[in-house]
Amino acid sequence: MSLWKIAWRSIQQRSLSSLMTGLSMALGVALVVAVLVVLGVVKDSFTQNAEGYNIIVGPKGGSLELVLNTVYHLGRPQSTLPWSYYEEFTEGKFAPSVELAIPYCLGDNYEGYRVVATTSDLFDKSEYRAGQKYTFAAGHNFADEAFYEAVIGATVARNTGLRVGDTFEPTHGLSAGEMGHKHDPFRVVGVLDPTGTPNDRALFISVEGFFLLEGHSLDKPSDVGTSNDMAASAAADEHDDEHDHAHEDGHDHDAEHDHEHADDHDHDDHAHEGHDDEVHDEHEHDEAVETTAAPAAANSSTGEDAADEHREDEHDERDHAEDGHDHDEHAHDEHDDHDHDAHDHDAHDHDEHDHGHGHDHHHEPLPKELREVTAILVRTDLTGGLTIPKVLQRDPRAMAVYPVQEINTLFEGLVGNLKLLLVGLAVLVVVVAGVGIMVSIYNTMNDRRRDIAVMRALGAGRQTVMFVILFESLLLSLVGGVAGLLIGHGLVALLNPLIVAQTGVSIGFFQFQIVELALIPGLIVLATAAGIVPALAAYRTDVSKALGDAP
Amino acid sequence: MLKLSDVEKSFTEPDGTPLPVLRVSNFSLGEAEQAVLLGESGSGKTTLLHVIAGITRPDRGSVEVDGRDITQMPESVCDRYRAAKIGYVFQTFNLLPGFSALENVLLGMTFGQGGADPARARELLGRVGLGKRLTHKPGALSVGEQQRVAVARALANRPKLLLADEPTANVDRGNQQHIIDLVRDQCRAEGVALLIVTHAIEVANQFDRVEHLAEFNQAGQPQAG
Ligand SMILES: Nc1ncnc2c1ncn2[C@@H]1O[C@H](COP(=O)(O)OP(=O)(O)OP(=O)(O)O)[C@@H](O)[C@H]1O
Ligand SMILES: [Mg+2]
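Each chain has its residues counted from 1, following the order in which its sequence is written. A letter from A marks each chain and a number from 1 marks each ligand, given out in the order of writing. Residues qualify for local features only when their pLDDT is at least 70, as the model is predicted, and side-chain atom pairs are given and counted only at 80 or more; totals for whole chains, interfaces and linings, by contrast, use all residues. Excluded from the side-chain calculation are hydrogens and water; included are all heavy atoms of the structure.

### A look at the overall build of chain A
Next, step 1: Within chain A one finds 22 helices and 15 strands.
Next, step 2: Out of the 551 residues belonging to chain A, those deemed buried represent 56%.
Next, step 3: When contacts within chain A are restricted to residue pairs at least 6 apart in sequence, those whose partners lie at least 24 apart make up 76%.
Next, step 4: Values of accessible area rely on a 1.4 Å probe in the Shrake-Rupley scheme; residue burial ignores everything except the protein chains shown. Within the structure as shown, chain A displays about 22,200 Å² of accessible surface, and the carbon and sulfur contribution to it stands at 59%. Starting at the N terminus, helices and strands are each numbered in turn, a helix being any DSSP run of H or I of at least four residues and a strand any DSSP run of E of at least two. Only protein chains enter the calculation, and the probe is 1.4 Å; a residue is then buried if its accessible area is under 20% of its type maximum, exposed if over 50%, and partly exposed in between. Residues count as neighbours in contact if any of their non-hydrogen atoms are within 4.5 Å of one another.

Here it is in structure tokens:
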């Protein structure tokens with residue numbers, strides 16, 4: 001008969017007390033497991049959002065901001081990169097080691113949900129989580145050539161009621177509170193299945209259509225990437241709404257007059273009335289403040305009407321796009337008064353016209369040199385993953401970040417201490433359970449003394465009886481601990497549907513955290529510590545006295 | 001088989017004065033010999049058995065069991081030697097309550113060299129008339145049955161010497177005789193020497209050799225006289 005079995009018999013003999021101590025250990029361990037799993041889920045739910053690509057390229061600046069902008073649709077992009085950077089990944093110097101590059105152009109929202117202008121590659125070629133491709137609950141991917149098509153995330157579909165075939169008008173600005181003017185409508189051609197990622201909360205439009213929207217391109221080929229509305233509006237948002245308006249072409253009028261979003265309705269009144277000089281001065285001033293890195297900003301307001309004139313002359317396509325609401329099918333006409341009118345159509349005029357169509361033809365893509373990109377999601381091969389960020393380190397404008405790394409850093413920074421505290425508390429519960437085991441064994445030492453003496457009389461050594469007690473403590477701890485693991489994982493598995501619904505992270509029963517491996521040696525140490533006091537008492541037992549046959 | 005020479009053992013009274021319990025200049029038991037030990041309560045019978053078993057160390061003298069002086073052995077060696085050479089039956093509380101009859105017998109084997117031998121354990125329990133009670137826990141056995149399990153367990157490791165300390169004190173007369181017969185028969189069958197302590201005169205009378213502790217224990221005499 002092994003000592004383990006002897007110890008086990010002793011546990012059975014005191015089944016109630018053993019059950020209690022074992023249960024307290026089980027609950028402690030289950031708590032540890034639950035805490036670890038929950039923390040793991042939270043962390044996974046963070047990082048999994050950036051799976052499917054290994055690098056994000058964006059303008060130099062805060063790397064975390066870049067990740068937050070692109071992965072979580074949070075925060076505001078500070079600036080943009082010229083389109084040529086994107087092309088470096090598709091056909092340029094980085095192309096050989098790049099498997100996939102997806103541009104992100106940000107700057108619009110719809111009812112507070114980010115509108116991401118991108119290419120159809122996002123849904124055709126990328127995965128939102130390792131091994132999981134985007135699937136459509138309804139409809140299909142947008143086509144890059146069909147400028148005004150959109151795909152929407154599951155949450156957006158649920159909360160806005162948009163369906164395939166519906167149209168929506170992105171609003172300039174990144175969140176619902178910003179009273180940016182509305183853009184041309186896009187037609188929903190696909191609704192994504194839920195992914196459990198922030199992309200559920202975004203709308204995706206063809207980047208080609210995006211570029212044709214008002215304010216979404218560089219002002220001038222020459223001032224590539226300096227002052228442009230896309231970046232400037234984003235930057236401006238940081239300060240206040242006024243700035244935001246100030247940048248939207250003619251909207252600075254409102255800013256000037258502080259008309260509290262009246263822009264959509266009556267700004268014409270002011271726009272025309274000789275305020276232009278003043279307005280443009282103001283405008284110039286604003287830009288200088290807002291886009292500090294934009295010396296060329298001035299170019300957009302070199303003369304009274306110069307800024308608007310530029311637009312008129314050079315971006316008639318876009319002007320058409322914005323004015324299209326107003327003038328519907330004869331959209332291609334040039335209008336001298338565009339610069340004044342253009343902006344007051346946004347809100348109300350849309351309603352009067354049917355825009356869902358009419359855009360899809362007779363559009364020319366925006367010339368490449370006028371394009372810009374907020375961020376590029378890149379999936380590279382192994383060498384690309386190592387070299388591209390290094391190469392870009394020397395680039396004056398762009399940088400590459402490893403999103404998962406950034407997210408991990410963020411996560412540790414956010415919840416690192418909390419995590420320690422939670423795990424510490426849970427471990428404390430386990431330690432208390434260990435103390436419980438010690439007390440329960442120690443309290444029964446009087447009863448055990450005779451058993452120990454009998455074993456000694458039968459020839460068991462001191463160490464032997466000591467180990468029997470230690471093993472009892474170990475068995476209680478380990479059996480309780482394993483039960484706790486099962487309980488913990490069982491609970492987690494039971495709650496899995498809930499967790500999936502909340503976070504998109506699915507945890508199976510057998511999904512163990514690596515840290516849990518530390519539980520076993522940890523429990524062994526704890527059990528040994530708990531058992532050592534009674535075990536030493538067993539070791540010291542005076543057999544002659546304990547046999548009870550001598551007084 | 002068993003040979004005590006000049007063994008002395010005294011305890012210390014609570015007030016610090018020494019209390020001599022044993023002073024045995026000579027006591028021996030031959031191979032497979034059976035002897036009964038008589039003595040007043042408190043005369044040191046149990047203490048003598050403990051000293052023979054190596055459970056209590058004498059202050060002086062030597063205790064030779066099967067040719068080796070156990071007083072010279074390190075404790076751990078002595079424990080193992082006891083497991084191999086000596087079977088012990090107590091007055092009460094012989095069995096571990098958490099173990100079945102069979103397991104109690106196997107437990108005795110666990111600490112010996114041979115290891116657990118379930119076949120022999122069953123056979124022994126069969127011989128003491130408990131072949132059908134193997135899986136019963138002590139709580140489900142009568143006191144007499146418990147003592148029979150204790151006998152079986154004491155013999156499990158094929159010891160050279162069986163010590164029995166009033167094994168029938170808590171048993172009725174009919175059972176007492178049954179157990180005494182059992183112990184004697186089994187010791188004879190296995191060639192085991194037997195030293196048995198008893199108060200019962202009718203039991204003592206059955207033995208060829210009856211030792212009165214008072215006669216060879218010099219420790220008790222001055223006080224007694
Ligand atoms: N551990 C001890 N400490 C102090 N005195 C002890 C100890 N063990 C025994 N004694 C004393 O030694 C004497 C002999 O005790 P022992 O138990 O050997 O007697 P006994 O003959 O077995 O008596 P009984 O017939 O009642 O069992 C007693 O006076 C007892 O008080
Ligand atoms: Mg006694």
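Here the narrative resumes.
### Focus on the confidence of the model for chain A
Note: predicted coordinates in regions of low pLDDT should not be interpreted at a detailed level.
All names here are of chain A.
Next, step 1: On a scale of 0 to 100, pLDDT captures the predictor's confidence in every residue. The predicted model of chain A averages 74 in pLDDT, with 69% of residues at 70 or higher.
Next, step 2: Per-element averaging of pLDDT across chain A places helix 9 (residues 241-247) at the bottom with 40 and helix 21 (residues 519-540) at the top with 93.
Next, step 3: Every residue in residues 220-361 is under pLDDT 50, and counting partners more than four places away or in other chains gives 248 contacts.

### Describing the sheet that holds strand 2 (residues 18-29) of chain B
Residues and elements named next belong to chain B.
Next, step 1: When DSSP finds two or more bridges between two strands, those strands count as paired. Overall, antiparallel pairing links the 4 strands, which are arranged 2-1-4-5 in an open sheet. Where the open sheet ends on each side, the last strands, each with one partner, are strand 2 and strand 5 (68-69).
Next, step 2: Of the pairings in the sheet, the one linking strand 4 (residues 60-65) to strand 5 comprises 2 bridges and is antiparallel in character. Within strand 5, the position partnered with Glu 64 by the bridge is Asp 69.
Next, step 3: Angles shown run from 0 to 180 degrees and are taken between the N-to-C directions of axes, each axis being a line fitted to C-alpha atoms and, for helices, limited to the stretch in contact. Lying on the sheet, helix 1 (residues 45-53) is in contact with strand 1 (2-12), strand 2 and strand 4; it crosses strand 1 at an angle near 120 degrees.

### Some words on the packing of aromatic side chains
When we look at a pair of aromatic rings, we describe it by the centre distance and by the angle of the planes.
Next, step 1: Any two of the Phe, Tyr and Trp rings considered here, Trp counted by its six-membered ring, make a pair once their centres fall within 6.5 Å; the pair's planes then place it as stacked at under 30 degrees, edge-to-face at over 60, or tilted in between. Scanning all chains against the criterion turns up 16 aromatic pairs over all chains.
Next, step 2: Each residue in the set Phe 123, Tyr 128, Tyr 134, Phe 136, Phe 142 and Phe 204 of chain A is aromatic and connected to the rest through ring pairs, giving one cluster.
Next, step 3: We count a charge as sitting over a ring when the NZ of a lysine or the CZ of an arginine lies within 6 Å of the ring centre and within 35 degrees of the ring normal. Between the NZ or CZ atom of Arg 184 of chain B and the centre of the ring of Phe 207 of chain B, over which it lies, the distance is 3.8 Å.

### A few points about the side chain of Asn 104 of chain B
Residue and element names in this part refer to chain B.
Next, step 1: With respect to the secondary-structure elements, Asn 104 resides in helix 3 (residues 101-110).
Next, step 2: Judged by relative accessible area, which is 0%, Asn 104 ranks as buried.
Next, step 3: Once residues within four sequence positions are removed from consideration, Asn 104 is found in contact with Leu 95, Leu 96, Phe 99, Pro 138, Val 149 and Arg 153.

### Re the site of ligand 1
Next, step 1: The local shell around ligand 1 holds 14 residues, among which Ser 41, Gly 42, Lys 45, Thr 46 and Thr 47 of chain B are the closest.
Next, step 2: Working definition: residue near molecule or strand if any one of its non-hydrogen atoms lies within 4 Å of it. Chains contributing residues near ligand 1 are chains A and B.
Next, step 3: Polar contact is defined as a pair of N or O atoms within 3.5 Å, subject to the rule that within protein one atom must be able to donate a hydrogen and the other to accept it, and that residues adjacent in sequence are counted only when both atoms are side-chain atoms. Side-chain polar atom of Ser 41 of chain B to an oxygen atom of ligand 1: 2.6 Å apart, as the coordinates give it.
Next, step 4: Between ligand 1 and Gly 42 of chain B, the relevant distance is 2.8 Å, taken from an oxygen atom to a main-chain nitrogen or oxygen of the residue.
Next, step 5: Starting from 630 Å² of accessible surface for ligand 1 in isolation, the protein chains cover 77%.
Next, step 6: Element by element, the count of residues in the shell around ligand 1 is highest for helix 1 of chain B, at 3 residues.
Next, step 7: Residues are sorted three ways: Asp, Glu, Lys and Arg are charged, Ala, Val, Leu, Ile, Met, Phe, Trp, Tyr, Cys and Pro are nonpolar, and all the rest, Gly among them, are polar. Classifying every residue of the shell around ligand 1 gives 4 nonpolar, 7 polar and 3 charged.

### A few points about the packing of helix 2 (residues 15-47) of chain A against helix 21 of chain A
All names here are of chain A.
Next, step 1: One way to put it is that helix 2 packs onto helix 21 with a least axis distance of 13 Å and a crossing angle of 145 degrees. In terms of crossing hand, the pair formed by helix 2 and helix 21 is right-handed. Residue-level contacts link Met 25, Val 29, Val 32 and Val 33 of helix 2 to Leu 519, Leu 523 and Leu 526 of helix 21.
Next, step 2: Residue composition of the contact of helix 2 with helix 21, by class: 7 nonpolar, no polar and no charged. A crossing counts as left-handed when the near helix is turned anticlockwise from the far one by less than a right angle, and as right-handed when that turn is clockwise.

### Brief notes about the sheet that holds strand 3 (residues 34-38) of chain B
Residues and elements named next belong to chain B.
Next, step 1: What the 5 strands build is an open sheet, ordered 6-7-8-3-9; its pairing is parallel. In the strand order of this sheet, the two ends are held by strand 6 (86-89) and strand 9 (209-212), each with one partner. The sheet shows a mean angle of 20 degrees between the axes of neighbouring strands, taken without regard to direction.
Next, step 2: Across 4 bridges, strand 3 lies against strand 8 (residues 193-197) in parallel orientation.

### Notes on the pairing of strand 12 (residues 202-206) of chain A
Residue and element names in this part refer to chain A.
Next, step 1: Taking burial as the measure, the 5 residues of strand 12 include 5 buried ones, the bulk of the element.
Next, step 2: As paired elements, strand 4 (residues 113-118) and strand 12 share 5 bridges and run parallel to each other. In the strand pairing of strand 12, Thr 118 is matched with Ser 206.
Next, step 3: Both strand 8 (residues 149-152) and strand 12 contribute to a ladder of 3 bridges, which runs antiparallel. Bridge pairing in strand 12 places Ile 152 opposite Leu 203.

### Description of unusual backbone geometry
Next, step 1: The phi angle at Glu 111 of chain A is positive, at roughly 50 degrees, despite the residue not being glycine.
Next, step 2: Looking at the element boundaries, Glu 111 of chain A is found in the loop between strand 3 (98-110) and strand 4.
Next, step 3: Residue classification places Glu 111 of chain A among the partly exposed residues on the basis of a relative accessible area of 47%.
Next, step 4: Phi angles above zero are rare outside glycine, and Asp 66 of chain B is one such case at about 50 degrees.

### Remarks on the pattern of salt bridges
Next, step 1: Salt bridges are counted wherever a side-chain nitrogen of Lys or Arg sits within 4 Å of a carboxyl oxygen of Asp or Glu. Under the criterion given, the structure shown has 24 salt bridges over all chains.
Next, step 2: A salt bridge links Glu 103 of chain B to Lys 5 of chain A; the nearest nitrogen and oxygen atoms lie 3.8 Å apart. Here Glu 103 of chain B, found in helix 3, pairs with Lys 5 of chain A, found in helix 1 (residues 3-13), and the two come from separate chains.
Next, step 3: A relative accessible area of 9% means that Glu 103 of chain B is categorised as buried.
Next, step 4: What makes Lys 5 of chain A partly exposed here is its relative accessible area of 35%.

### So, the interface of chain A and chain B
Next, step 1: In this assembly, 23 residues from chain A lie in contact with 26 residues from chain B.
Next, step 2: With both chains or domains summed, chain A and chain B bury close to 2,300 Å², and 63% of this area falls on carbon and sulfur atoms.
Next, step 3: For the pair chain A and chain B, the interface holds 5 salt bridges.
Next, step 4: On inspection of chain A and its partner chain B, the count reaches 7 residue pairs in polar contact (both at pLDDT 80 or more).
Next, step 5: Considering each element in turn, the side of chain A that touches chain B owes the most residues, 6 residues, to helix 19 (residues 445-457) of chain A. Two parts placed together each lose some accessible area under a 1.4 Å probe, and the buried area is that loss summed for both.

### Digging into the confidence of the model for chain B
Next, step 1: When the pLDDT values of chain B are averaged, the result is 90; 97% of them are 70 or greater.
Next, step 2: If you check the scores for this complex, the pTM reads 0.67 and the ipTM reads 0.93.

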